[in-house]
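# Structural overview for review
Here are the chains, one letter per residue:
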Amino acid sequence: MIETDVKLDQRSLNRFLIYHNYVRVSGVIGLVLSIAALAALCLKWGMWTTMQRGLLVVLALLFTVLQPLMLVSKGKRQLAMEEFQIPFHYCFDDTGVTISQKDQTQSFSWADIRKVVFRKDAVYVYMSTVSAFVVPQEQCGGQFGELVRLIREKKK
């Protein structure tokens, strides 16, 4: 059994939001569109009218600058919510994961977990396509390696 308390911080949440957004097909398409707009703008500058250049600049910035800034802003609003001010207690064992906070507890079997993403600095445990909990390495009290091994063993 591995137990840890996690109070999500801005950096960990930002990394998750950026990862989650840009790993999906829509995120990749957005990046490709922005890069293509930037390339078209640079390679054919004289061909475009002022309005077209403006639109290409906006498109180039949309998924490379504006969207990440919006994600960071969303993360700040989320962390300001009351439920993120109190640490979540996670208990990982052979049967699954139990999450508790204050007087609320919720348990999930390993079969209930949709997907797990292992990053060098965190584990993202997805309960649905859009809902996940983030367990940063620095908040695992030196048990991050054990946690990764346990989850890999149970989520084969």
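Residues numbered from 1 in each chain as written. Predicted model: local features only at pLDDT ≥ 70, side-chain atom pairs only at ≥ 80, totals over all residues. Heavy atoms only, no water.

### Brief notes about the pattern of salt bridges
For clarity, the cut-off: Only one rule defines a salt bridge in this text: a Lys or Arg side-chain nitrogen within 4 Å of an Asp or Glu carboxyl oxygen. Every helix listed is a DSSP run of H or I at least four residues long, and every strand listed is a run of E at least two residues long, numbered separately from the N terminus. When a residue's accessible area, from a 1.4 Å probe over protein chains only, is under 20% of the maximum for its type it is buried; when over 50% it is exposed; and in between it is partly exposed.
Summed over all chains, the structure comprises five salt bridges. Measuring nitrogen to oxygen at the nearest pair gives 3.4 Å for the salt bridge that ties Lys154 to Asp94. Of the two residues, Lys154 is situated in helix α4 (residues 144-154) and Asp94 in the loop between β2 (88-92) and β3 (96-101); the sequence distance between them amounts to 60 residues. Lys154 sits in the partly exposed class, given a relative accessible area of 28%.

### A look at the nonpolar core
What counts is decided by this rule: In this text, buried Ala, Val, Leu, Ile, Met, Phe, Trp, Tyr and Cys residues form a nonpolar core when linked through side-chain atoms within 4.5 Å. Contact criterion: two residues are considered in contact whenever any of their non-hydrogen atoms come within 4.5 Å of each other.
If you look at the biggest cluster of nonpolar residues, it comprises 35 residues, and the most contacted ones within it are Tyr90, Phe92, Val97, Tyr124, Phe133 and Val135. In contact with Val135, not counting residues within four places along its chain, are Thr4, Val6, Tyr90, Phe92, Ala122, Val123, Cys140, Phe144 and Leu147.

### Thoughts on empty space enclosed by the protein
In plain terms, the rule: Cavities and pockets were defined on a 1 Å grid built from protein atoms only: a cavity is a group of points that admits a 1.4 Å probe but offers it no way out, a pocket is an open group of points flanked by protein on both sides within 12 Å along at least five of seven lines, and a lining residue is one with an atom within 4 Å of any such point. Grid points are joined across faces, edges and corners, and a volume is the space filled by probe spheres set on the points.
Across all of its chains, the model carries one cavity of 30 Å³ or more by this definition. Empty space within the largest cavity amounts to approximately 30 Å³. Lining of the largest cavity is provided by Arg11, Ser12, Arg15, Asp121, Ala122 and Glu138. Ranked by the residues each element gives to the lining of the largest cavity, the list is headed by helix α1 (residues 10-23), at three residues.

### Brief notes about the packing of α1 against helix α3 (residues 50-80)
In plain terms, the rule: Under this scheme, a helix contributes an axis fitted over its contacting stretch, all axes are lines through C-alpha atoms, and angles between N-to-C directions fall in the 0 to 180 degree range. To sort the angles, those under 35 degrees are grouped as roughly parallel, those over 145 as roughly antiparallel, those from 65 to 115 as roughly perpendicular, and the leftovers as oblique. The crossing is said to be left-handed when, going from far helix to near helix, the turn is anticlockwise and less than a right angle, and right-handed when the turn is clockwise.
Contact pair α1 / α3: the axes reach a minimum separation of 9 Å and the direction vectors enclose 135°. When the axis of α1 is compared with that of α3, the two are oblique. As α1 runs across α3, the sense of the crossing is right-handed. Together, Gln10, Leu13, Asn14, Leu17, Ile18, Asn21 and Tyr22 of α1 and Phe63, Thr64, Gln67, Pro68, Leu71, Val72, Gly75, Lys76, Gln78 and Leu79 of α3 make up the contact between the two elements.

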